[in-house]
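Coordinates in review
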Amino acid sequence: MLDPDVETRPWDEQVVLDDGAYRAQLDYLLEHSAFYRDKLGAFGVSSADDAGGLAQIGRLPLTEKGELRETCTPESPFGTHLCAAPGALVRIYSTSGTTGIPSYVPLTAGDLDRWVLGSARSYAASGVVAGERIVSTYNAGPFVAGAALASFDRIGLCHIPIGTGNTERLVAAIGLLRPDAAVLTPSYAAHLVEWAAERGIDLPGSSVRRVLVAGEPGGGEPAFRSLLEAGWGARVTEAMGIGDIGVSLWGECEAQDGMHLGARGHVHAELIDPDTGVVRSFRDGAAGELVLTHLRHEAAPLLRFRTRDHVEVRTSPCSCGRTAPRIRCVGRTDDMLIVRGVNVFPSAVREVVGGFAPRVSGSVLLRPRAPGVKQEPPLPVSVELAPGVDADPVLAEAIRDRLRAVLTVQTQPELVPYGSLPRSEYKSNLVQRQV
Ligand SMILES: [Zn+2]
């Protein structure tokens, strides 16, 4: 554990500390952010006392990415919620988001330090320790993920940055430099398993004993995870953050039962009903959209920010001793389809289909027939077969039946030959949308 005193602190003690930080953060926001002065003022809140403590946070309005973006102008590229003096900023990241319109994430030195610390706790939860080697595959320069790379130094790892798009160089580095761990997106991790197998390279026999995945959901789903673990001969754990709030906020421990909040003390997590915005209790087994609030941020702190990540919560004691709550991400609002009233996440479809390995390769592509989110059943799904496996109508039927049983969605699986669906060295797009 990187920070045992903090990470094992009883959660009720953390809540007391967070409550004080939250009140100070609110007063800071009201003093420095024109955006929140207006937004909260319209709500009758002009001081932290008006708002109450963390227990009452659910009464305050949510913050949407779109409303932040609307306040951005060429003169004010950060929008009206920038709280710090321009000279106090030490880094500015850009995120493209799903809309493709860049937004800028400014950080003070303190913000950057807290980002790196939270990220270091999250990655250290995987079991990597000082003195080990880690190979990374993010082309992270301008992107928020860049901050995560500094967390490897903080842990004391020997970091070998390789970047995306050069698989041969990556595999050569693994062979020659013998890293203990690799960090990459789950899609790229899956692609490498196939790439190595096709070339007769013994990836499970490599030095890599831990694979740390992040950047998209899926690394925590049992069938997909076991495919990666078998292909790498390594333990797979996942991490997750969101650019606007922080990088690698959450990191999974060796118990592999969800990602702990590594950014505890810096960020407060809530759950809401994604359709109505109504607060749901953040308790064991609960599910909903994750909403995050900065507790000690300086440059552009966010209050009740809608992440659009759909998560399941675990608060039961964890064998690792960390007391922070855990989440598993089941998908993002932006990827979701609604098939006759049923919410369908592409990674959940991949997970169910992955249960048919070794007859399937694990790659799927949802092919909605209509533009937009709402679809009429059955939903066409291309399912890729494993190498050398022939299309069998009985298998397609079994996949259809299991998808209906597990996800209550009617699909029309189409079996396609191995290698016919696109692979990604970064993040996979599991939906082929109609435009
Ligand atoms: Zn744990």
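Scroll up to find the structure this text is about.
Report on the accompanying structure. Every value quoted in this text rests on a predicted model; they were computed, and no experiment measured them.

Here we look at the pattern of salt bridges
In this structure the tally under the stated criterion is 29 salt bridges. Between Glu-64 and Arg-308 there is a salt bridge whose closest N-O contact spans 4.0 Å. Taken as a pair, Glu-64 in the loop between helix H4 (48-51) and helix H5 (65-70) and Arg-308 in strand E13 (residues 305-314) lie far apart in primary sequence, 244 residues in all. Take Glu-64: its relative accessible area is 31%, and that puts it in the partly exposed class. For Asp-334, the salt bridge is made with Arg-308, and the minimal N-O distance between the two is 3.3 Å.

A look at the sheet that holds strand E4 (residues 158-161)
With respect to topology, 12 strands assemble into an open sheet ordered E4-E3-E5-E6-E7-E8-E9-E14-E13-E12-E10-E11, the strand pairing being mixed. Here the strands that pair on one side only, and so sit at the sheet edges, are E4 and strand E11 (279-280). Of the strand pairs in this sheet, strand E12 (residues 287-294) and E13 are connected by 5 bridges, and their pairing is antiparallel. What sits directly across from Gly-288, in E13, is Val-311. Against the sheet, helix H9 (residues 186-198) makes contact with strand E5 (181-184) and strand E6 (210-213), and its axis sits at roughly 120° relative to E5, the strand it touches most. On the sheet, helix H10 (residues 222-232) packs against E5, E6, strand E7 (235-242), strand E8 (246-252) and strand E14 (326-332) and is oriented at approximately 125° with respect to E7.

Details of the coordination of the zinc ion
Coordination of the zinc ion by the protein involves Cys-253 (SG), His-260 (NE2), Cys-318 (SG) and Cys-320 (SG), with metal-donor separations of 2.1 to 2.3 Å. One can describe the site at the zinc ion as tetrahedral: its 4 donor atoms subtend angles covering 100 to 114° at the metal. In the primary structure, the donors to the zinc ion are separated according to the pattern C-x6-H-x57-C-x1-C. Residue classification places Cys-318 among the buried positions, given a relative accessible area of 13%.

Here's the deal with the pairing of strand E3 (residues 133-136)
Across a regular strand the side chains alternate sides, sitting on one face of the sheet and then on the other. Sheet topology note: the E3/E4 ladder contains 4 bridges and is parallel. Residue Ile-134 lies in a different strand from E4, and its bridge partner there is His-159.

Section: the packing of helix H8 (residues 167-177) against H9
Viewed as axis vectors pointing N to C, H8 and H9 meet at an angle of 80°, and their least axial separation amounts to 12 Å. Judged on the interaxial angle alone, H9 and H8 are roughly perpendicular. Residues Thr-167, Glu-168, Leu-170 and Val-171 of H8 form the contact with H9, whose participating residues are Tyr-188, Leu-192 and Trp-195. Here the contact of H8 with H9 is composed, by residue class, of 5 nonpolar, 1 polar and 1 charged.

As for the nonpolar core
Formed by 39 residues in total, the largest nonpolar core has its most connected members in Trp-250, Leu-292 and Leu-303. Residue contributions to this core peak at 5 residues, all from helix H2 (residues 11-32). With residues up to four places along the chain from it excluded, the contact list for Leu-303 reads Tyr-22, Leu-26, Leu-29, Tyr-36, Leu-40, Ile-57, Leu-60, Thr-63, Leu-292 and Thr-293.

Criteria and thresholds
- Residues numbered from 1 in each chain as written.
- Predicted model: local features only at pLDDT ≥ 70, side-chain atom pairs only at ≥ 80, totals over all residues.
- Heavy atoms only, no water.
- Salt bridge = Lys/Arg side-chain N within 4 Å of Asp/Glu carboxyl O.
- Helix = DSSP H or I, 4+ residues; strand = E, 2+ residues; numbered from the N terminus.
- Buried < 20%, exposed > 50% of the residue type's maximum accessible area, 1.4 Å probe, protein only.
- Pairing = 2+ DSSP bridges.
- Contact = heavy atoms within 4.5 Å.
- Axes fitted to C-alpha atoms, helices over the stretch in contact; angles between N-to-C directions.
- Donors = N, O, S within 2.8 Å, 3.2 Å for Na, K, Ca; no water.
- Tetrahedral: all angles 85-135°; square planar, octahedral: opposite > 155°, others 65-115°.
- Parallel < 35°, antiparallel > 145°, perpendicular 65-115°, else oblique.
- Nonpolar A, V, L, I, M, F, W, Y, C, P; charged D, E, K, R; others polar.
- Core = buried A, V, L, I, M, F, W, Y, C linked by side-chain atoms within 4.5 Å.

None of the figures reported here should be taken as evidence of function without further support.
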